[in-house]
Amino acid sequence: MTERALRLGTRRSKLAMAQSGQVAETVSRLTGRSVELVEITTYGDTSREQLAQIGGTGVFVTALRDALLGGEVDFAVHSLKDLPTAQPDDLALAAVPLRADPRDVLIARDGMTFTELPSGARIGTGSPRRMAQLNAYARNHGLAIETVPIRGNIDTRIGFVHKGELDAVVLAAAGLHRVGRIDEVTDFLSVDTVLPAPGQGALAIECAASNASLTAALAELDDPYTRAAVTAERSLLAALEAGCSAPVGALADLLADGQIVKEMRLRGVVGATDGSTLVQLSTTGPVPETHDQALALGRELAAEMLAKGAAGLMGERAL
Ligand SMILES: NCc1[nH]cc(CCC(=O)O)c1CC(=O)O
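The rules behind the values
- Along each chain, residues carry numbers from 1 onward, in the same order as the chain's sequence is written.
- Predicted model: local features are reported for residues with pLDDT of at least 70 only, side-chain atom pairs are reported and counted for 80 or more only, and whole-chain, interface and lining totals are derived from all residues.
- With hydrogens and water set aside, each side-chain value is computed from the structure's full complement of heavy atoms.
- Basic side-chain nitrogens of Lys or Arg form a salt bridge, by our definition, when they fall within 4 Å of a carboxyl oxygen of Asp or Glu.
- Runs of H or I in DSSP of at least four residues are treated as helices and runs of E of at least two as strands, each being numbered from the N terminus.
- We call a residue buried when its accessible area falls under 20% of the maximum for its residue type, exposed when it is over 50%, and partly exposed in between, using a 1.4 Å probe and counting protein chains only.
- Residues form patches when they are more than 30% accessible in relative terms and have no salt bridge. Like charges link within 9 Å. Nonpolar side chains (Val, Leu, Ile, Met, Phe, Trp, Tyr) link within 5 Å.
- Computed with the Shrake-Rupley method and a 1.4 Å probe, the accessible areas treat only the protein chains shown as cover for residues.
- Proximity is defined per residue: if any heavy atom of the residue lies within 4 Å of a molecule or strand, that residue is considered near it.
- N or O atoms closer than or at 3.5 Å make up a polar contact, with two conditions inside protein: a donor-capable atom paired with an acceptor-capable one, and, for residues adjacent in sequence, both atoms drawn from side chains.
- Under the convention adopted here, Pro, Cys and the residues Ala, Val, Leu, Ile, Met, Phe, Trp and Tyr are nonpolar, Asp, Glu, Lys and Arg are charged, and Gly plus all remaining residues are polar.
- Expected span of a helix: the number of residues minus one, times 1.5 Å.
- Working rule for contacts: check all heavy atoms of both residues, and any pair within 4.5 Å makes them a contact.
- Within this scheme a cavity is a closed region of a 1 Å grid, computed over the protein atoms alone, that accommodates a 1.4 Å probe without allowing it to escape, whereas a pocket is open but has protein on both sides within 12 Å along at least five of seven lines; lining residues each have an atom within 4 Å of a point.
- Grid points are joined across faces, edges and corners, and a volume is the space filled by probe spheres set on the points.

A. Structural detail: the pattern of salt bridges. Inspection of the entire model under this criterion finds 21 salt bridges. The partner of R12 in a salt bridge is E39, and the shortest N-O contact between them spans 2.9 Å. Within this pair, whereas R12 is found in the loop between β1 (6–10) and α1 (14–31), its partner E39 is found in strand β2 (residues 35–39), the two being separated by 27 residues in sequence. Judged by its relative accessible area of 48%, R12 is partly exposed. The class of E39 is partly exposed, set by a relative accessible area of 39%. Note that D192 and R267 form a salt bridge whose closest N and O atoms lie 3.1 Å from each other. In this pair, D192 is assigned in the loop between β9 (187–188) and β10 (203–208) and R267 in strand β12 (residues 260–271), connecting sequence segments 75 residues apart. Residue R267 is classed as buried on the basis of its relative accessible area, which comes to 12%.

B. Spotlight on a nonpolar patch on the surface. On the surface, Y225, L254 and V261 cluster together into a nonpolar patch covering about 220 Å² of accessible area. Overall, V261 belongs to the partly exposed group, its relative accessible area being 31%.

C. Spotlight on the site of the ligand. The environment of the ligand is made up of 13 residues, and the closest members are K81, R130, A172, R178 and G201. Within the side chain of D82, an N or O atom sits 3.0 Å from a nitrogen atom of the ligand. Within the contact set of the ligand, an oxygen atom lies 3.0 Å away from a backbone nitrogen or oxygen of G201. Taking 400 Å² as the accessible area of the ligand by itself, protein coverage stands at 92%. Listing elements by their share of the shell around the ligand, those giving two or more residues are β8 (168–172) and α7 (173–178). When grouped by side-chain class, the residues that make up the shell around the ligand number 5 nonpolar, 4 polar and 4 charged.

D. Seen up close, α1. Here α1 is 18 residues long and its end C-alpha atoms lie 25 Å apart, about the 26 Å a rise of 1.5 Å per residue gives. Against β1, β2, β3 (75–79), α7, β10 and α8 (212–218) lie the buried residues of α1. The positive-phi residue at the C-terminal boundary of α1 is G32, with phi of around 75°.

E. Here's a closer look at the layout of surface pockets. Roughly 310 Å³ of volume is contained in the second largest pocket. Of all the elements in the fold, those that place two or more residues in the lining of the second largest pocket are α9 (224–239) and α10 (291–307). Among the elements that take part in the lining of the second largest pocket, α9 stands out by supplying 7 residues, more than any other.

F. Representation of unusual backbone geometry within the structure. One non-glycine residue, D110, lies in positive phi territory at about 55°. Structurally, the position occupied by D110 is in the loop between β5 (104–108) and β6 (121–125). We classify D110 as exposed; its relative accessible area is 64%.

These results come straight from atomic positions and should not be treated as a statement about function.
Laid out in structure tokens, this is it:
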């Protein structure tokens, strides 16, 4: 008997459809089963309010998770940075595939880089994290910029620049790669300037925890280093009691001696959105070999950041 197609739940945005389409092809190749995309509309897709006002990026996730638990779809693909830090017991994070470029990038008019922008340039972003770090960099380097809150999908955001409403917008490299618009980037922002969101560039493949066979099949897509890194980053976020849209950046990467991977470094930042204050620290440790070791790395850095005053900079608390 021919098995029915696997149903993959996805948001309707171009980015989500691109991400889900790529995962669908891989899952179909690995399992030998066809995969059909089931489009789900989330509250985050329909609301026009700023994310901080509607509960952070978790609003992109809830409807997909409801569809999973209701048996409407078999598995779902999320942008990992949009997932709340607490993983529900009845949902398995079956795979975190190899991470794409985690950096933030600038798309500016006239091909300009960040430091080439004119005094008073208006830069659009919906992320308090990006605002805090760009404003801090500008303060420290004598640049005069204005960060402008924006919402919308990738096309809408880039459109603000094309229409002349903004001088530049900031987006994630990973999203632009996946929708085929990476060539429009005018400046790849160093992570020393703008630390990415915890989990940025990574995907999360979820299914019902009760579906053990599908959980095991999807685990084939997991990249252990990526999973360890994003687990440490999200552990930091959780330990700071911050929500997905708090002004918190984090990045875990591997430190190697030649070809030999020696340690994992975790960097974290939290800041006031006007850039007046940033708490930015890092820690290193053995490459986590277990989930708990990755969690511990994040908690360790969070404790150091809280001791340096991070709590007062959180703005939006975990919801
Ligand atoms: N909710 C916005 C969102 N969620 C994930 C990505 C980028 C893709 C990724 O981080 O994997 C984006 C767009 C952006 O930040 O520019």
